[in-house]
Amino acid sequence: MWYTFRYNANNLISRSFITRNIRVPRPIRVLATQTKWNSTSTTFPSRLRVRENTPVLSDAQRKTIYALSSPPGKAGVAVIRISGPEASTARELLLRNSKGSPLAQAEPWKMQRCRVVNPERPDQLLDDGLSVFFRGPKSFTTEDVLEIHVHSGRAIVAAVLNAIAQLPFCRPAEPGEFTRRAFNGGRVDLTQVEGLRDLIDAETETQRVMALRAAGGEMREQFERLRTDIIHCLAMVEALIDFGEGEDIEEGVFEQARQEAIQGEIIRNGIRLAIFGPPNAGKSSLLNFLAQREAAIVTPIPGTTRDILEVSLDIGGLPVIVADTAGLRQTDDVVESIGVERARNMVQGSDISLCVLSLQETLESKTAIKIPRSVQPLITPNTYFLLNKTDLVPNSFGVKDAADLGLPHERVWAVSLTTGEGAPEFLSGLAATLQEHFHLDCGSASSQAPIITHARHRAHLETASRFIEAFLQYDANDVVLGAEELRYAAQAVGKISGLIDVEDVLDAVFRDFCIGK
Ligand SMILES: Nc1nc2c(ncn2[C@@H]2O[C@H](COP(=O)(O)OP(=O)(O)OP(=O)(O)O)[C@@H](O)[C@H]2O)c(=O)[nH]1
Ligand SMILES: [K+]
Ligand SMILES: [Mg+2]
C-alpha cells in the first residue's frame, strides 16, 4: 500500500521545478495489515499480509453480549445494553407491546414503549419500559445494539438480566467490552478509549474537559496529523533519494507535541505542590485551610509534623496533590531528622512549592525578611511564598510590602491563617498561578492546543523523537538510512492511536473499565 503525494519539487529541492506524484510506501506496513481500520478500502501486497485484516475473534468474543450499563441500585431508570449479531433476535424474544404482541419493526435511535418479558414464558411480565435499537455499524460498538430502559431496582434488574441469560446466544459482557468492540470496529481509537475511561473517572473540571476532548477524538486527530507530517517528511526524503539534493526538513511540529505531552501528563496525575518552611510557620495550618478540614495535626510545638501528609485537592478546577512536610531545622531527634530529609526530597520532587514563613519570626526589621538558612537551598524559580501570621505583626501587612522585602512581588502572599485575613486573595492568586504555570485555563481550554495526558503517549512520542533526531543526524549521503528512521518514527506514533501492536496495550487499557461500559 502506498501514499501518493502530489509533489512540487520547487518547495523541497532547490534549483529544480518539477511537479510529480510520489508514491511512498506506507510506513506502517505491519499495522495496516493487522487492523480492520482501513481494510475495507485498501488491498495489500500479499507479501505484507502478516495477519488477517480483521482481528480474529474467539467464539466467546463473537457472541452477543449484555450488561447493566447504569449503576446498580434503586434509581429511576436502569439501562441494560445488548450488543452483537443477535441483538435484534434478543429484541424479538424479550420485548412485547402493550397488547402482548411482538414489537413493531425497530426504527433506529427511536425510543419505543415496551414490555419486558421472560423469553421462556412470554406471558410473564418483568417490567414496563422503553427500548431503543441501534442498527450497526451506526452504533457505539458498531454492532447491532439494543438498549432496554427499565425501572432501576435490584429485583427488576436481576429478573431482566436472568431473562437475557436464558438466550443461548447471549453472554455477560466483560469489563470494558462494549468499548473494546467500538475500538475493534474502528469507531474509536485507543486515545479515545483512554479519554472515555478518564471521563468516567474525572473528578475535577479540568480533568473532565480534557478527557472529553480526548474522547471526542482530538488526540486522535493530533497524532494523525503528526504521523502524516512524518510521512510527509518521508515523502520528501524519498524524493531526495530520487533527485539527490535537498533542504532541511521541518521538525517543529514534533518537538511541540513532545513538550505538550509532558504538561498533559502532569494534569492527569495531579500537580504536585509541596508546602515547606521552618518549624511552626503554619504549614499544617495551611494544609488544613486548603483541605477545609483538620487533615493535619496543628500544635504550638515546633516539630509537630514529622512524616509527609498528602491530600488530593481541587484548586481552581485543577487536580493538585498538596503535601505537608516537617519543619526544616537541624535536629538531634532521629525521627524528626528523617522527616526533614523526606521533606527536602518531597520539595525537590514537586512541580511547584510553597514556602511558608512566619512573618513575626522572619521579619528582621520593617524592610527586611530573613529567609532561614535551612530553607534557602530549596528555593527555586518554582517556589512561591506565603508570609503567615500577619495578625502578630503591628500594622496590617500587605503584599505590596513584600516587594520591599526583596521577594518577587508576584510570588508572595501575606495571610493570617488564624484570622483569615488575606486568605481569599491568596486562594484566587494560587489558582491563577497554577493555571498560568501549567498553561491551563479551564474556561478557554477549547482554544488551546491539545494536551496529552498519558505516560504511554509520552513514551511513544519520545521514541518517535529519538528516531527523528537520529534521522536529523544523517546527511544527504545517507538519506536511505534516514528514511528508515522516519519509518520507525511514524510507527511509534501509530502505536499511540493503537494502530499497531495493540493487543498488549489493550488489555491494560480496558482492565480499568467497569462492566457495562
Ligand atoms: N497567631 C497566629 N498563629 C498561627 C497562625 N497560623 C498558625 N498559627 C499557629 O502556629 C502554630 C504552629 O502551626 P502549625 O500549623 O502546626 O505549624 P507547622 O509549620 O505545621 O509546624 P511544624 O509541623 O511543627 O513544623 C499553631 O499553634 C497554630 O495555631 C496565624 O496566622 N496566626
Ligand atoms: K507546630
Ligand atoms: Mg506541621
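Residues numbered from 1 in each chain as written. Chains lettered and ligands numbered in written order. Predicted model: local features only at pLDDT ≥ 70, side-chain atom pairs only at ≥ 80, totals over all residues. Heavy atoms only, no water.

**Observations concerning the site of ligand 1**
Turning to step 1, where the next piece is worked out: Residues in close proximity to ligand 1 total 23 residues, the closest being Lys283, Ser285, Thr304, Thr305 and Thr418.
Turning to step 2, where the next piece is worked out: One of the backbone N or O atoms of threonine 299 is found 3.4 Å from an oxygen atom in ligand 1.
Turning to step 3, where the next piece is worked out: Burial of ligand 1 by the protein amounts to 87% of the accessible area it has alone, namely 650 Å².
Turning to step 4, where the next piece is worked out: Broken down by element, the residue count for the shell around ligand 1 peaks at 3 residues, all from helix α11 (residues 283–291). (Near = heavy atom within 4 Å. Polar contact = N/O pair within 3.5 Å; in protein donor to acceptor, adjacent residues only side chain to side chain. Areas by Shrake-Rupley, 256 points an atom, 1.4 Å probe, with all protein chains shown as cover. Helix = DSSP H or I, 4+ residues; strand = E, 2+ residues; numbered from the N terminus.)

**Here's the deal with the coordination of the potassium ion (ligand 2)**
Turning to step 1, where the next piece is worked out: Protein-derived ligands of the potassium ion (ligand 2) are Asn280 (OD1), Thr299 (O), Ile301 (O) and Thr304 (OG1), with the metal-ligand distances lying across 2.5 to 3.0 Å.
Turning to step 2, where the next piece is worked out: Between the potassium ion (ligand 2) and the magnesium ion (ligand 3), a separation of 4.9 Å is found. A residue pair is termed long-range when its members are at least 10 positions apart, and asparagine 280 in the loop between β10 (271–276) and α11 and threonine 304 in the loop between α11 and β11 (309–315) qualify at 24 residues. (Donors = N, O, S within 2.8 Å, 3.2 Å for Na, K, Ca; no water.)

**Points about the sheet that holds β11**
Turning to step 1, where the next piece is worked out: Here we have 6 strands laid out as an open sheet, ordered β11-β12-β10-β13-β16-β17, and mixed in their pairing. Each end of this open sheet is capped by a strand with a single partner; those strands are β11 and β17 (412–414). Recorded for the sheet is a direction-independent mean angle of 25° between the axes of neighbouring strands.
Turning to step 2, where the next piece is worked out: As defined by bridge partners, β10 adjoins strand β13 (residues 352–358) across 4 bridges and the pair is classed as parallel. Residue pairing across strands places alanine 274 opposite serine 353, the latter belonging to β13. (Pairing = 2+ DSSP bridges. Axes fitted to C-alpha atoms, helices over the stretch in contact; angles between N-to-C directions.)

**Structural notes on the side chain of serine 152**
Turning to step 1, where the next piece is worked out: As for its position among the elements, serine 152 is in strand β8 (residues 145–152).
Turning to step 2, where the next piece is worked out: Using a relative accessible area of 8% as the deciding quantity, one classes serine 152 as buried.
Turning to step 3, where the next piece is worked out: Leaving out residues up to four positions away in the same chain, serine 152 has contacts with Pro71, Gly73, Lys74, Ala75, Gly76, Val77, Ala78 and Val157. (Buried < 20%, exposed > 50% of the residue type's maximum accessible area, 1.4 Å probe, protein only. Contact = heavy atoms within 4.5 Å.)

**Structural notes on the side chain of serine 350**
Turning to step 1, where the next piece is worked out: Take serine 350: it is sitting in the loop between α12 (334–348) and β13.
Turning to step 2, where the next piece is worked out: Side-chain polar atoms of serine 350 contact the backbone oxygen of valine 347, separated by 2.7 Å.
Turning to step 3, where the next piece is worked out: One polar contact links the side chain of serine 350 to the main-chain carbonyl oxygen of isoleucine 352, over a distance of 3.3 Å.
Turning to step 4, where the next piece is worked out: When sequence neighbours within four positions are dropped, the list of residues in contact with serine 350 reads Arg272 and Ala274.

**A closer look at the pattern of salt bridges**
Turning to step 1, where the next piece is worked out: The full count for this structure, using the stated rule, is 17 salt bridges.
Turning to step 2, where the next piece is worked out: A salt bridge links arginine 135 to aspartate 144; the shortest N-O distance between them is 3.4 Å.
Turning to step 3, where the next piece is worked out: According to the relative accessible area criterion, arginine 135 is partly exposed, its value standing at 41%.
Turning to step 4, where the next piece is worked out: For aspartate 144, a relative accessible area of 15% puts it in the buried group.
Turning to step 5, where the next piece is worked out: Here glutamate 224 makes a salt bridge to arginine 227, at a shortest N to O gap of 2.9 Å. Of this pair, glutamate 224 and arginine 227 both sit in helix α9 (residues 218–243), 3 residues apart, roughly one helical turn.
Turning to step 6, where the next piece is worked out: Because the salt bridges share partners, they merge into one network encompassing Glu143, Arg171, Glu177 and Arg181. (Salt bridge = Lys/Arg side-chain N within 4 Å of Asp/Glu carboxyl O.)

**Some details on the packing of α11 against helix α15 (residues 423–437)**
Turning to step 1, where the next piece is worked out: Where α11 meets α15, the axes come as close as 12 Å, and the angle between the chain directions of the two elements is 75°. When the axis of α11 is compared with that of α15, the two are roughly perpendicular. Between α11 and α15, the residues in contact are Leu286, Phe289 and Leu290 and Ala423, Phe426, Leu427 and Leu430, respectively.
Turning to step 2, where the next piece is worked out: Its residues assigned to classes, the contact of α11 with α15 comprises 7 nonpolar, no polar and no charged. (Parallel < 35°, antiparallel > 145°, perpendicular 65-115°, else oblique. Nonpolar A, V, L, I, M, F, W, Y, C, P; charged D, E, K, R; others polar.)

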